[in-house]
Amino acid sequence: MNNNIDLREQTENLVKLQSIQSGKKRINAMLSKVDKKFSDLDRELVASRAIVDKKEGDLENQRKKYREIESELNMNAPRIDKSKEKLRAVKNNKEYQSLLKEIEDLKKQSSSMEDNMLECLEQTEKLEAAIKESETEFQSIKEHIQHEKEDVGKAAEKGKLELETLNAEWEQVSAAVAPEILKTFEKTRQLVGGVTIAPVINAVCQGCHMNIPPQLYNDIQRFDSLKYCPSCQRIIYPVVE
Ligand SMILES: [Zn+2]
């Protein structure tokens, strides 16, 4: 180790680098979720619209059903008239009775069709009210989603700016770290993943919460070379509490 290196100062810089790295990791994790968040929100909007569309389809079906029954009913009226006409011309009782029965049946059919039309109208009114309700809900969900998207978009923009700042800080701080120490830091980072340098408080490594052997604990106070936690392999440094 180069004797001109102040290891205490170098360690402070490594701690700063670690903090920059953790910040970058946090922001990148947030940014990586942005696309999914957007598509989730789009899906939510589509689902909410589908509820309205479904009810509008049901309404259209009710109206169609109403028109069909109505035209059936309109066809029944002349049939009744025709049978009544025939009734006036019949000669024998049997024919008379049979025509009466036919008229009665046609009237029953008409009456039942009228009931069905009323039922259709009731359903139509219910659906119209339900559509109004769903449409209101859809509008409110739409607004909520718009706001949510704006928030996510703003957070992403902010995150990107923060990343730029952190990258610049990284450049600045790492330039103050001796190349061999920076190299060791990077190598250790690849080895342990995530947090690379951990404080030791009361002889306990804060990276893995294991005890540091007494001799090593003494050694790290001297700051004469980089030391590693025997349990988690992170670079360690003493912090007095
Ligand atoms: Zn450890």
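Residues numbered from 1 in each chain as written. Predicted model: local features only at pLDDT ≥ 70, side-chain atom pairs only at ≥ 80, totals over all residues. Heavy atoms only, no water.

## Thoughts on the coordination of the zinc ion
Point 1. Looking at the zinc ion, the protein donor atoms are C205 (SG), C208 (SG), C229 (SG) and C232 (SG), and they sit 2.2 to 2.3 Å from it.
Point 2. Taken together, the four donor atoms coordinating the zinc ion span angles of 103 to 113° at the metal, a pattern that classifies the geometry as tetrahedral.
Point 3. Donor residues for the zinc ion, ordered by position in the chain, follow C-x2-C-x20-C-x2-C. One end of the pair, C205, is in strand β2 (residues 204-205); the other, C232, is in the loop between β3 (227-228) and β4 (235-238), with 27 residues separating them in the sequence.
Point 4. You can call C232 buried: its relative accessible area is 13%. (Donors = N, O, S within 2.8 Å, 3.2 Å for Na, K, Ca; no water. Tetrahedral: all angles 85-135°; square planar, octahedral: opposite > 155°, others 65-115°. Helix = DSSP H or I, 4+ residues; strand = E, 2+ residues; numbered from the N terminus. Buried < 20%, exposed > 50% of the residue type's maximum accessible area, 1.4 Å probe, protein only.)

## Some thoughts on helix α2 (residues 34-89)
Point 1. Taking 1.5 Å of rise per residue, the 56 residues of α2 would be expected to cover 82 Å, and the 84 Å separating its terminal C-alpha atoms lies within 8% of that figure.
Point 2. Among the residues of α2, those classed as buried are V34, L41, S48, V52, L59, Q62, I69, L73, N76, I80, S83 and L87.
Point 3. Tucked into the core, α2 has its buried residues touching α1 (7-32) and α3 (93-175). (Expected span 1.5 Å × (residues − 1). Contact = heavy atoms within 4.5 Å.)

## Let's talk about the packing of aromatic side chains
Point 1. One pass over the structure, following the stated rule, counts zero aromatic pairs.
Point 2. The residue whose ring lies beneath K24 is W170, and the NZ or CZ to ring-centre distance is 5.8 Å.
Point 3. Against the face of F138 rests R49, its NZ or CZ located 4.8 Å from the ring centre. (Phe/Tyr/Trp six-rings, centres within 6.5 Å; stacked < 30°, edge-to-face > 60°. Lys NZ or Arg CZ within 6 Å of the ring centre and 35° of its normal.)

## Some thoughts on the pairing of strand β1 (residues 197-201)
Looking along a regular strand, one sees side chains alternate from face to face of the sheet.
Point 1. Taking burial as the measure, the five residues of β1 include four buried ones, the bulk of the element.
Point 2. Alignment of β1 against β4, held across four bridges, turns out to be parallel. Paired with A198 across the bridge in β4 is I236.
Point 3. Examined bridge by bridge, β1 and β2 share two bridges and lie antiparallel to one another. By the bridge assignment for β2, I201 is matched with V204.
Point 4. Here β1 folds back onto β2, and the loop between the two strands holds two residues, one of which, N202, carries a positive phi near 50°. (Pairing = 2+ DSSP bridges.)

## Structural notes on the pattern of salt bridges
Point 1. Taken as a whole and judged by the stated rule, the model has 18 salt bridges.
Point 2. Residues R49 and D53 are paired through a salt bridge, measuring 3.2 Å at the closest nitrogen-oxygen approach. With R49 and D53 both in helix α2, this residue pair falls four residues apart, about one helical turn.
Point 3. By relative accessible area, which is 39% here, D53 ends up partly exposed.
Point 4. Across the salt bridge formed by K54 and D58, the nearest N and O atoms sit 2.9 Å from each other. A residue pair is termed a helical-turn pair when its members lie 3 or 4 positions apart in one helix, as K54 and D58 do in helix α2 at four residues.
Point 5. By sharing partners, the salt bridges in this structure join R49, D53, E56 and E135 into a single network. (Salt bridge = Lys/Arg side-chain N within 4 Å of Asp/Glu carboxyl O.)

## Notes on the sheet that holds β2
Point 1. As summarised here, the arrangement of the four strands in space is β2-β1-β4-β3, forming an open sheet in which the pairing is mixed. Where the open sheet ends on each side, the last strands, each with one partner, are β2 and β3.
Point 2. Two elements, β3 and β4, share two bridges in a ladder whose sense is antiparallel. Counted as the bridge partner of Y228 is I235 from β4.

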